[in-house]
Amino acid sequence: MANPTGWKPDMEKGAASAARDEVGLGHATRGLAFEEGLLFERGSRGRTGVSLPKRGSEADPARELPAELLRPEVDGLPEVGELEVVRHFTRLSTWNWGIDTGFYPLGSCTMKYNPKSSEALARLPGFAGAHPLAHPSMAQGALELMYRLERALSEISGFDATSLSPAAGAQGELCGMMVIRAWHTARGNPRKKVLIPDTAHGTNPASSALNGYEVVPVKSGEDGRLHPDAVRAVMDEDVAAIMITNPNTLGIFETHIAEIAEIVHAKGGLVYGDGANMNALLGVARPGDMGFDVMQFNLHKTFATPHGGGGPGSGPVAVKAALVPFLPLPVVAREGERYRLVTDPAERPQTIGKLREFWGNFGMFVRAWALIRELGPDGLRSTAHLAVLNANYVRALLADAYDLPYGTDSLHEVVFTDKNLKPTGVTTMDVAKRLIDHGFHPPTVYFPLVVHGALMIEPTETESKETLERFCAAMRAIAEEAATSPEAVKAAPTKPVRARLDETRAARKPVLRWTPGMKVE
Ligand SMILES: *Cc1c(COP(=O)(O)O)cnc(C)c1O
């Protein structure tokens, strides 16, 4: 499918800026990057960045500490001036890549921007400073926000109720599977197996296994979709549920959900939906209307906060009416104009209990609620339209340069492979590394596992046409370079502060702790 509209993209601009630079890499990676040692290697004995009260003086804070806890000497700490510290961390921060630095096309991860308006609202002192143990009478605003977000998420996804507790997508899955298990157990038969298609996210089998289920893999069809016959063949009365990611990790919409749900329901099983890719469906289709019984959101992918760097995330779980009694506590109840946290299992005897401390990652709720209110129903729908449009634009611009393993229509992300580059010896990993020299974060590589040498690109709805064209110009330049000078691609990256790392060694023998006298290579 090469550019089906016949419309000519404006890629000359990208190519022209590349031509201005001898190495053909545009200005994207020009700039001053400081080499930076460890803080421990700087400074000198006795140097300090702050003035502390004299030891033993009136103002010495140590006077208030019990003598037996005081050490006369603390050895081995960096002794540096203020400027050294500030420059050290500021320089290190320039080595980082972030969504505010540039395009971040990681497929399956939805690294979209975080609107600064949502950030500002999450920092309002009343929200940011709210104590999780504040008496509900003093936290009515926070509880109302949770209540309204819960209602909005249920409406957007087509379910009856949503738990805001889970702290990530994976914990949402765990929670959803615990709810499914509790439902089966309450009916007197917990069952043993969960069906998982080969296009599922890796967390799906993990969540099933953590719930004590045996995982039964189901093969997807040649079109990358899950087919009813494949499910029928393995579905029996020992299967508790099927877990389906929709759109799946190939970025393909699962068109047979209704029929698959019928097959599973007929044998007494439930249908779990991994909703991490909801940005492709917002305002267009509701999983709750398709036959799903449970679904987790990834607020950090679909609603305002890019994920990565360790969080925080949020993975609310939406369920149909029959499963509501099993949801974890707390839930927010509305009584007239007041809001209350239901925390006592006596009120919800079938609850799976408490999933984590306190009430969920509240800061995420504020961001998500702000985004939903800002966009409204029409804005949410255009989010999905733009996410799909952008992925398909990238697909059209690259389809003649990179191998497209599935001809099926793409939704919000598109998967290519390195098959066309085989004769040159250049691999997916080399392409990813060379993109860094062009000033782009690489896409997801070697995932999903069903695709050999996968390059999985998710542009998200927030990137401009020009950004996508520059990215595709870089991808095309790399494909051409692979044919003419593959060794240059294989040597990449050459422009960032660190060249290609020995990833095996970094993973197997990480050096995470500095010790005096150690040599850092
Ligand atoms: C990201 C993702 C997950 C896991 O979510 P985390 O918040 O990273 O735990 C699960 N399923 C799919 C399809 C995903 O893309």
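Residues numbered from 1 in each chain as written. Predicted model: local features only at pLDDT ≥ 70, side-chain atom pairs only at ≥ 80, totals over all residues. Heavy atoms only, no water.

Chemist: What am I meant to see in the packing of aromatic side chains here?
Modeler: Two descriptors summarise a pair of aromatic rings, namely the distance from one centre to the other and the angle between the planes of the rings. Scanning the entire structure with this criterion turns up 10 aromatic pairs. Each ring, one from Phe127 and one from Phe362, has its centre 5.8 Å from the other, and the planes form 55 degrees; the classification is tilted. Separated by 235 residues along the polypeptide, Phe127 in helix 4 (residues 125-128) and Phe362 in helix 12 (residues 362-398) bring together distant segments of the chain. A relative accessible area of 22% means that Phe127 is categorised as partly exposed. Taking 5.4 Å as the distance between ring centres and 55 degrees as the angle between the ring planes, the aromatic pair formed by Tyr147 and Tyr339 counts as tilted. (Phe/Tyr/Trp six-rings, centres within 6.5 Å; stacked < 30°, edge-to-face > 60°. Helix = DSSP H or I, 4+ residues; strand = E, 2+ residues; numbered from the N terminus. Buried < 20%, exposed > 50% of the residue type's maximum accessible area, 1.4 Å probe, protein only.)

Chemist: Can you help me understand the sheet that holds strand 11 (residues 444-445) in this one?
Modeler: Strand pairing within a sheet occurs via backbone hydrogen bonds; the two strands may be parallel or antiparallel. Across the sheet, 3 strands lie side by side as 10-12-11; this open sheet has antiparallel pairing. Looking at which strands have only one partner, the edges of the open sheet turn out to be strand 10 (414-417) and strand 11. As paired elements, strand 10 and strand 12 (residues 454-457) share 4 bridges and run antiparallel to each other. For Val414, the partnering residue across the bridge sits in strand 12 and is Ile457. Contacts from helix 12 reach strand 10 and strand 12, with the element oriented near 25 degrees to strand 10. (Pairing = 2+ DSSP bridges. Contact = heavy atoms within 4.5 Å. Axes fitted to C-alpha atoms, helices over the stretch in contact; angles between N-to-C directions.)

Chemist: Any chance you could explain the sheet that holds strand 3 (residues 214-218) here in plain terms?
Modeler: Taken together, 7 strands build an open sheet; the order of strands is 1-7-6-5-4-2-3 and the sheet is mixed. In this open sheet, the two strands that pair with only one neighbour each are strand 1 (161-163) and strand 3. On average, adjacent strands in this sheet sit at an angle of 25 degrees to one another, irrespective of strand direction. Sheet topology note: the strand 6 (residues 294-297)/strand 7 (residues 317-319) ladder contains 3 bridges and is antiparallel. Bridging across to strand 7, Met295 finds its partner in Ala318. Where helix 5 (residues 140-157) meets the sheet, it contacts strand 1, strand 6 and strand 7, and its direction lies at approximately 120 degrees from that of strand 1. Along the sheet, helix 9 (residues 257-266) makes contact with strand 4 (239-245) and strand 5 (270-275), crossing strand 5 at roughly 140 degrees.

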